[in-house]
Amino acid sequence: MTFAYQNASSHTFVPEIWDADLLTQFDPLLVWASPIVSNNKYEGEIRKKGDVVHINSLLRPSVGDYKVPDGMTAQRPETVDQKLPITEAKYLQVLVEDAERVQLTIPGLDSPINQQMIRALAREADTFMGGVIANGATALPNVKPTSANIPQSLYGTILDMMLALDDNDIPAGRYVVVSPRVKRYLVELPAVANAAAYGEGGVTANGVVARLAGFTILSTTAMPTGVDIVAGHKDFATYASQFSGFREGQSEKYRADYIDTLHLYGGKIVRYPDLDTQRPDRTWDEIKPTKGIVKAAVEWPTAA
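Reading the values: rules and limits
Residues numbered from 1 in each chain as written. Predicted model: local features only at pLDDT ≥ 70, side-chain atom pairs only at ≥ 80, totals over all residues. Heavy atoms only, no water. Pairing = 2+ DSSP bridges. Helix = DSSP H or I, 4+ residues; strand = E, 2+ residues; numbered from the N terminus. Axes fitted to C-alpha atoms, helices over the stretch in contact; angles between N-to-C directions. Contact = heavy atoms within 4.5 Å. Phe/Tyr/Trp six-rings, centres within 6.5 Å; stacked < 30°, edge-to-face > 60°. Buried < 20%, exposed > 50% of the residue type's maximum accessible area, 1.4 Å probe, protein only. Lys NZ or Arg CZ within 6 Å of the ring centre and 35° of its normal. 1 Å grid on protein atoms, 1.4 Å probe; cavity = no way out; pocket = protein on both sides within 12 Å on 5 of 7 lines; lining within 4 Å. Points joined across faces, edges and corners; volume = space filled by probe spheres on them. Nonpolar A, V, L, I, M, F, W, Y, C, P; charged D, E, K, R; others polar. Core = buried A, V, L, I, M, F, W, Y, C linked by side-chain atoms within 4.5 Å. pLDDT = per-residue confidence, 0-100.

**So, the sheet that holds strand E6 (residues 208–212)**
Spatially, the six strands line up as an open sheet ordered E4-E12-E8-E5-E7-E6, and their pairing is mixed. Each edge of the open sheet carries a strand with a single partner, namely strand E4 (137–139) and E6. The sheet shows a mean angle of 25° between the axes of neighbouring strands, direction not considered. Pairing of strand E5 (residues 174–178) with strand E8 (residues 229–233) involves five bridges; the strand directions are antiparallel. Its bridge partner lying in E8, Val 178 is registered against Ile 229. Contacts between helix H4 (residues 150–167) and the sheet are confined to E5, E6, strand E7 (215–219), E8 and strand E12 (290–296), with E12 contributing the most and set at about 170° to the helix.

Written as structure tokens, this is what we have:
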């Protein structure tokens, strides 16, 4: 479609290609909603706020003792339903005064204003997912370091989190998300500073600091209030996200042209048989924290 203000010979702007560009530039800005911390296995078809994605959990069958006189008793598979509601609808809209000049000289989303809008969308989504994960995590005792042992104390807490996850048979591929203040002291430790990933090219993508003791260590400023360290596995939190596609046209309110998109998303803690409590109505008790994610707060010494 060519607008009246556009020259047919220079009509090269195709807004549909922006979707891929947005995802490419959006994903590296995420920590909580990144594939390292949250899975996106259950996105399904998301079309509007209020949609619900259904997640079925298969209960583990019981093992019986085989005896010749008794034979075997067959069991029917049992599932428990979980619902992932799409609760968030955030938009990005940009007004441009000279559509052709912007579109032809700054293709895609590379203009400074678009970059800042993408960062704003990413921040909203990441803060939301951080709250979901922290609210569903099992709280460990607060960390109480002294001024003399802050790095060692924080590192010891991460090892305690490793033990807590080990005790519940949480699989490999774990993460630790820390606040910038925790990161500042952790990197004083040779074990962290010399970790294989630290200092490599691209290590800051998705906030990655290092890989150590079976954890990918990440840091973000989007930490939930009252939480300094969170450890877990991405299978215990799911994030479903979809951009509704870009629109472009002439603004009815201003003498300008608009370009906008709508971001729909939701998140939840995923429940598993043998780790979580099943209610009589065949749903999960989602009030109790998950054993697949743990969190801790730091009581900082005044001199720190």
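**Re the packing of aromatic side chains**
Counted by the stated rule, this structure contains four aromatic pairs. For the pair Tyr 239 and Tyr 265, a centre-to-centre distance of 6.1 Å together with 50° between the ring planes defines the contact as tilted. Remark: Tyr 265 occurs in strand E11 (residues 257–269) and Tyr 239 occurs in strand E9 (residues 237–243); sequence separation between them is 26 residues. Taken individually, Tyr 239 and Tyr 265 each receive the classification buried, so the pair is uniform in this respect. Three or more aromatic residues joined by ring pairs make a cluster, and in this case those are Phe 128, Tyr 239 and Tyr 265. The side chain of Arg 181 reaches across the aromatic face of Trp 300, ending 4.3 Å from its centre. In this structure, Arg 184 packs its charged tip against the face of Tyr 185, placed 4.3 Å from the ring centre.

**With respect to empty space enclosed by the protein**
Once rolled over the atoms, a probe with the size of a water molecule shows which space is left empty. For the structure shown, the criterion picks out one cavity of 30 Å³ or more. Size it by volume and the largest cavity reaches roughly 40 Å³. Lining of the largest cavity is provided by Tyr 155, Ile 158, Leu 159, Leu 212, Ala 213, Phe 215 and Ile 217. Looking at the lining of the largest cavity, the elements that each hand over two or more residues are H4 and E7. The leading source of residues in the lining of the largest cavity is H4, at three residues. Across the lining of the largest cavity, the residue classes break down as seven nonpolar, no polar and no charged.

**What about the nonpolar core?**
The biggest cluster of nonpolar side chains holds 63 residues, and the ones touching the most others in it are Phe 26, Trp 32, Ile 133, Leu 154 and Ile 293. Considering each element in turn, this core owes the most residues, nine residues, to helix H3 (residues 112–136). In contact with Ile 133, other than residues within four places in its own chain, are Trp 32, Val 37, Ser 38, Tyr 175, Val 230, Ala 237, Ile 269 and Ile 293. Among the nonpolar cores identified, the runner-up in size contains seven residues, and Ile 46, Val 53, Ile 55 and Ile 86 belong to it.

**Some details on the confidence of the model for the protein**
Counting all residues, the mean pLDDT for the protein is 80, and 78% of those residues have values of 70 or more. Per-residue pLDDT, averaged within each element of the protein, yields its smallest value for helix H2 (residues 99–105) (49) and its largest for E8 (98). Scored below 50 in pLDDT, residues 1–16 shows 23 contacts in the model against residues more than four places distant or in partner chains. The low-confidence segment residues 196–204, where pLDDT is below 50, has 12 contacts with residues more than four positions distant or belonging to other chains.

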